[in-house]
Amino acid sequence: MEQPGPSGDSFSAKTAFQDAVRTLNTLQTNAGYLEQVKRQRGDPQTQLEAMKLFLARSGLQVEDLDQLNIIHVTGTKGKGSTCAFTERILRSYGLKTGFFSSPHLVQVRERIRINGQPISPELFTKHFWHLYHRLEETKDGSSCVSMPAYFRFLTLMAFHVFLQEKVDLAVVEVGIGGAYDCTNIIRKPTVCGISSLGIDHTSILGETVEEIAWQKGGIFKRGVPAFTVLQPDGPLAVLRDRAQQISCPLYLCPPLEALEEGGPPLTLGLEGEHQRSNAALALQLARCWLQQKDHRGLGELKASRPSLLRQMPLAPVFQPTTHMRHGLRDTEWLGRTQVLRRGPVTWYLDGAHTASSMQACVRWFRQALPRRPRPGRGPEVHVLLFNSTGDRDPVTLLKLLQPCQFDYAVFCPNLTEVSTAGNADQQNFMVTLDQVLLRCLAHQEHWSGLEEERPGPEPGEPASLPLAPHAPKTHSASSLVFSCISHALQWISQGRDPVFQPPGPPPGLLAHPVASSGASVLREAAAIHVLVTGSLHLVGGVLKLLEPALSQ
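Residues numbered from 1 in each chain as written. Predicted model: local features only at pLDDT ≥ 70, side-chain atom pairs only at ≥ 80, totals over all residues. Heavy atoms only, no water.

Colleague: Describe unusual backbone geometry, naming the residues involved and giving the relevant values.
Modeller: Along the chain, Ser102 connects to Pro103 via a cis peptide bond; the corresponding omega equals -10°. Among the secondary structure elements, Pro103 is positioned in the loop between β2 (97-100) and β3 (112-114). One non-glycine residue, Asn115, lies in the positive phi region at around 50°. Structurally, Asn115 can be placed in the loop between β3 and β4 (117-118). Here the phi dihedral of Thr337 falls at roughly 40°; this positive angle occurs in a residue that is not glycine. Along the polypeptide, Thr337 turns up in the loop between α12 (322-330) and β11 (338-342). (Helix = DSSP H or I, 4+ residues; strand = E, 2+ residues; numbered from the N terminus.)

Below you can see the structure in the form of structure tokens.
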């Protein structure tokens, strides 16, 4: 019998992992069915009860989740970054952490982490099939749904992994909303957090920020401390009332400046002014968790008695400990205010997809751009790579990007290649190819319309910052649509990114006059600055191609 070569085991493990992911992808709802579900959405409370039944069928009871010492976090923007900061702080205390987040950027196993690292393909495969077979065996003929949908399945799997791996705590990020999110079967978290609120997922959560606040406040539990950051008056009042109704002690986080007073400034591993609010919330969540578990090293209190703001008690003002400082400094969270410098090409990656997060992204991008031109001939070229999905309003997002004064705007769907057949992690059965390409063409049309009506910078606008000189613009709307991310990156980088070196450009890449003339400008540019934004899935596809190690 022929023995496998040295890499035989790793090859078979990789194949087994891809098989597991392909099977998981069958739990995604296809595009047509999704529309039907939206029209016939059932009672959300029933959906939550269904999740409890799936948990029971998987061999767990809701009471079993109590031992995970969960930190449950929701919000519209910054909830993932808040979770990342919180997890990193507590890991710096030597605790074994679990972290469940969504979406994944490159590989689905990123969603379930132990000590900050995505679980291995082998561990993912093992737990996936164990859970899948268990649910298959407990199918009830009378039940119309035998398998939970994609996100529910991964939530169940995360709970199983964290219990099996005996983590000291689990940081759990809500998927969508809060009240009826499938993570909300958690009965007794240790502490809850709500990051900045805004408008998103309106077809599910409501049209106003107050309605959305009501949904987010659904994670509050009787007697379990909760923290939030400063919000507009309306949603803050909703959160306060929701907490009072169920006797949940809710605290307002003081700004990071209050915790820095009297000590050295805090260094954050994530760039952008908006991350300070997320870090302030993370510090309170971590400190409260440590306090609830009778840990030492909580940080010396600065305020002697609690104070009120907007009729809500302020969270403690304390001196962050060395562990807390190191945790904040060492936090990594891919695809959020991330910069990749590659020779003459600099990629700025941020998955902003709401109006408020896009405003923060634009501020960060403009501050991150170099103030002086690089030595060398040729102009500096600014390129936007954009896509938007779901029920988001692309016109609002694109309008917010106008002050960046891009030389080229490039639009493409969230597909790494024209065919994703060989890559299970990037498959998405929620939409058809025709739909996504039509959407990209609509984005291009919106952009062209905005470019034509764009006024000059207003007095005092940051556009007056002394940025490096731009490429000369020959027309108002230099925009292009590509059928996949790979083609878009090939055109933007023109072979000048030393890591991203695909075999050769596809036929017809420069067929369009803008593509042809732009390619010459990009080849001769002293520097190319590329902002990738609008969708976390787009950012994930870009990272997959620019950072091949993430796919290993």
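Colleague: An account of the side chain of Ser101 is needed here, citing residue identities and associated values.
Modeller: Considering the arrangement of structural elements, one finds Ser101 in the loop between β2 and β3. The buried category is assigned to Ser101, whose relative accessible area is 3%. Ignoring anything within four residues of it in the chain, the contact list for Ser101 reads Glu110, Arg111, Glu173 and Trp333. (Buried < 20%, exposed > 50% of the residue type's maximum accessible area, 1.4 Å probe, protein only. Contact = heavy atoms within 4.5 Å.)

Colleague: Please set out the sheet that holds strand β6 (residues 191-194) residue by residue, giving values where relevant.
Modeller: If you walk across this open sheet you meet the eight strands as β4-β3-β2-β5-β1-β6-β7-β8, and the pairing is mixed. On the outer flanks of this sheet lie β4 and β8 (250-252), each paired with one strand and no other. In the sheet, β3 pairs with β4 via two bridges, with the strands oriented antiparallel. Bridge assignment links Arg113 to a residue of β4, and that residue is Pro118. Its contacts with the sheet place helix α11 (residues 275-292) against β1 (70-74), β5 (169-173), β6 and β7 (226-228), and it is angled at close to 175° to β6. (Pairing = 2+ DSSP bridges. Axes fitted to C-alpha atoms, helices over the stretch in contact; angles between N-to-C directions.)

Colleague: Now, about the nonpolar core: what can you tell me, with residues and values included?
Modeller: Considering soluble globular proteins, one finds that nonpolar side chains tend to be buried as a cluster. Residues Leu24, Leu68, Phe124, Phe153, Met157, Phe159 and Phe162 are the most contacted members of the largest nonpolar core, which totals 43 residues. Secondary-structure elements contributing two or more residues to this core are α1 (8-25), α3 (44-57), β3, α5 (121-137), α6 (150-164) and β5. Among all residues touching Phe124, those that are not within four sequence positions of it are Phe17, Ala20, Val21, Leu24, Val108, Arg109, Ile119, Leu154 and Met157. Counting 39 residues, the second largest nonpolar core, distinct from the first, contains Phe85, Cys253, Leu281 and Val317. (Core = buried A, V, L, I, M, F, W, Y, C linked by side-chain atoms within 4.5 Å.)

Colleague: Provide a residue-level description of the packing of aromatic side chains, including the pertinent values.
Modeller: For the structure shown, the criterion picks out 17 aromatic pairs. Ring centres of Phe406 and Trp447 lie 6.4 Å apart, and the angle between their planes is 50°; on these two criteria the pair is classed as tilted. A residue pair is termed long-range when its members are at least 10 positions apart, and Phe406 in the loop between α14 (394-401) and β14 (408-411) and Trp447 in helix α15 (residues 433-452) qualify at 41 residues. What makes Trp447 buried here is its relative accessible area of 1%. A network of ring pairs unites the aromatic residues Phe17, Phe124, Phe128, Trp129, Tyr132 and Phe153 as a single cluster. (Phe/Tyr/Trp six-rings, centres within 6.5 Å; stacked < 30°, edge-to-face > 60°.)

Colleague: Tell me about the UniProt feature "binding site: ATP" (unreviewed entry) in the chain, and name the residues and values.
Modeller: Per the UniProt record, the feature "binding site: ATP" (unreviewed entry) sits at Arg336 and Asp350. Mapped onto the elements of the fold, Arg336 is located in the loop between α12 and β11. Residue class for Arg336 comes out buried when judged on its relative accessible area of 13%. Ignoring anything within four residues of it in the chain, the contact list for Arg336 reads Ser81, Leu105, Leu349, Asp350 and Leu536. Along the chain, the position of Asp350 falls in the loop between β12 (345-349) and α13 (355-368). Assessed through its relative accessible area of 7%, Asp350 is described here as buried. Once you skip the residues sitting within four places of it in the chain, Asp350 turns out to touch Gly335, Arg336, Thr337, Cys361, Trp364, Val532, Thr533, Gly534 and Val539. (UniProt positions renumbered as here; feature names shortened; annotations may be inferred.)

Colleague: Outline the environment of Glu49, supporting the account with residue identities and numerical values.
Modeller: In this structure, Glu49 sits in helix α3. In the structure, Glu49 is positioned 133 residues away from Cys182 in sequence and 9.3 Å away in space, judged by C-alpha atoms.

Colleague: Describe the pattern of salt bridges, and please don't skip the residues or the numbers.
Modeller: All told, the structure shown has 14 salt bridges when counted by the stated rule. Here Arg187 and Asp66 are joined by a salt bridge, their closest N and O atoms 2.3 Å apart. Of this pair, Arg187 sits in the loop between β5 and β6 while Asp66 sits in the loop between α3 and β1; the two residues are 121 residues apart in sequence, bridging distant segments of the chain. Two residues, Arg276 and Glu273, come together in a salt bridge whose shortest N-O distance is 3.9 Å. (Salt bridge = Lys/Arg side-chain N within 4 Å of Asp/Glu carboxyl O.)

Colleague: So what's going on with the UniProt feature "binding site: Mg(2+)" (unreviewed entry) in the chain? Residues and values would help.
Modeller: What UniProt calls "binding site: Mg(2+)" (unreviewed entry) maps, in this numbering, to Ser102, Glu173 and His201. If you trace the backbone, Ser102 turns up in the loop between β2 and β3. Apart from residues no more than four positions distant in its own chain, Ser102 is found in contact with Arg111, Phe151, Glu173 and Gly175. The topology assignment puts Glu173 in strand β5. The contact partners of Glu173, leaving out residues within four places of it in the chain, are Val73, Lys79, Gly80, Cys83, Phe100, Ser101, Ser102 and Thr183.

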